[in-house]
Amino acid sequence: MSAKFTPGPWHANWTRLNGKAIGFHVADETHGSIRPICEFYDGTEAMPPEEVEANARLIAAAPKLLDALQRLLSENDNMTQRINLLGAMDQARAAIAKATRDQS
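Being a predicted model, the structure only gives us computed values, none of them experimental.

A. Structural context of the overall build of the protein chain. Check the secondary structure of the protein chain and you find 3 helices and 3 strands. Seen in sequence order, the protein chain has helices and strands lined up from the N terminus as β-β-β-α-α-α. For the protein chain, the proportion of its 104 residues judged to be buried stands at 27%. When the accessible surface of the protein chain is totalled, it reaches about 7000 Å², and 56% of it is carbon and sulfur.

B. Highlighting the pattern of salt bridges. Scanning the entire structure with this criterion turns up 3 salt bridges. Between aspartate 90 and arginine 93 there is a salt bridge whose closest N-O contact spans 3.2 Å. One end of the pair, aspartate 90, and the other, arginine 93, are both in helix 3 (residues 82–100), 3 residues apart, so they sit about a helical turn from each other. The network of salt bridges with common partners includes Arg16, Glu53 and Arg57.

C. Region of interest: the environment of alanine 61. Mapping alanine 61 onto the fold places it in the loop between helix 1 (49–60) and helix 2 (62–76). Apart from residues no more than four positions distant in its own chain, alanine 61 is found in contact with Ala95, Lys98 and Ala99.

D. Structural context of the sheet that holds strand 2 (residues 20–28). As summarised here, the arrangement of the 3 strands in space is 1-2-3, forming an open sheet in which the pairing is antiparallel. In this open sheet, the two strands that pair with only one neighbour each are strand 1 (10–17) and strand 3 (38–41). Going from strand to strand, the sheet's axes swing by 15 degrees on average, the running direction of each strand aside. Here 8 bridges tie strand 1 to strand 2, and the two strands are oriented antiparallel to one another. Each bridged residue has a counterpart across the sheet, and for tryptophan 10 the counterpart in strand 2 is aspartate 28. Its contacts with the sheet put helix 1 on strand 1, strand 2 and strand 3, and the angle it makes with strand 2 is roughly 10 degrees.

E. Spatial organisation of helix 1. Its 12 residues give helix 1 an end-to-end C-alpha distance of 17 Å, which sits within 8% of 16 Å, the value for a rise of 1.5 Å per residue. Among the residues of helix 1, those classed as buried are Val52, Glu53, Ala56, Arg57 and Ala60. What you see down the axis of helix 1 is that its buried residues fit within an arc of 130 degrees, all on one side.

F. Region of interest: the nonpolar core. Core analysis: the biggest nonpolar cluster contains 9 residues, these being Trp10, Ala12, Trp14, Ala21, Phe24, Val26, Val52, Ala56 and Ala60. Among the secondary structure elements, those contributing two or more residues to this core are strand 1, strand 2 and helix 1. When near neighbours in sequence (up to four residues on either side) are disregarded, phenylalanine 24 contacts Asn13, Trp14, Thr15, Cys38, Glu39, Phe40, Tyr41, Val52, Asn55, Ala56 and Ile59.

G. Expanded view of the pairing of strand 2. Within strand 2, 8 of the 9 residues are buried, which leaves the element mostly enclosed by the surrounding structure. Direction of pairing for strand 2 relative to strand 3: antiparallel, over a ladder of 4 bridges. Paired with valine 26 across the bridge in strand 3 is cysteine 38.

Parameters and conventions
- Residues numbered from 1 in each chain as written.
- Predicted model: local features only at pLDDT ≥ 70, side-chain atom pairs only at ≥ 80, totals over all residues.
- Heavy atoms only, no water.
- Helix = DSSP H or I, 4+ residues; strand = E, 2+ residues; numbered from the N terminus.
- Buried < 20%, exposed > 50% of the residue type's maximum accessible area, 1.4 Å probe, protein only.
- Areas by Shrake-Rupley, 256 points an atom, 1.4 Å probe, with all protein chains shown as cover.
- Salt bridge = Lys/Arg side-chain N within 4 Å of Asp/Glu carboxyl O.
- Contact = heavy atoms within 4.5 Å.
- Pairing = 2+ DSSP bridges.
- Axes fitted to C-alpha atoms, helices over the stretch in contact; angles between N-to-C directions.
- Expected span 1.5 Å × (residues − 1).
- Arc of directions from axis to C-beta.
- Core = buried A, V, L, I, M, F, W, Y, C linked by side-chain atoms within 4.5 Å.

Here it is, written out as structure tokens:
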């Protein structure tokens with residue numbers, strides 16, 4: 001079964017109040033903010049701004065994380081191609097970096 005979702009790359013954009021992130025929307029490169037994939041706004045400021053930003057980065061990295069994990073599993077099935085496995089691991093590291101720090 002193949003998942004039907006908006007292809008990546010996805011990017012996070014923040015809504016700020018007094019310099020603090022209080023919300024975000026994640027959109028794909030093709031459609032941008034006219035068709036967000038997901039949106040979150042915390043009008044009560046109950047969630048720390050760092051957590052808001054980290055959640056947005058994680059969601060925006062979802063397509064890359066999925067690609068990296070699928071490739072890693074595929075390469076693992078054929079261990080005779082070690083170079084491909086190392087490339088998949090590099091891809092996984094890059095996807096994790098995108099999810100855990102600002103790439104804008």
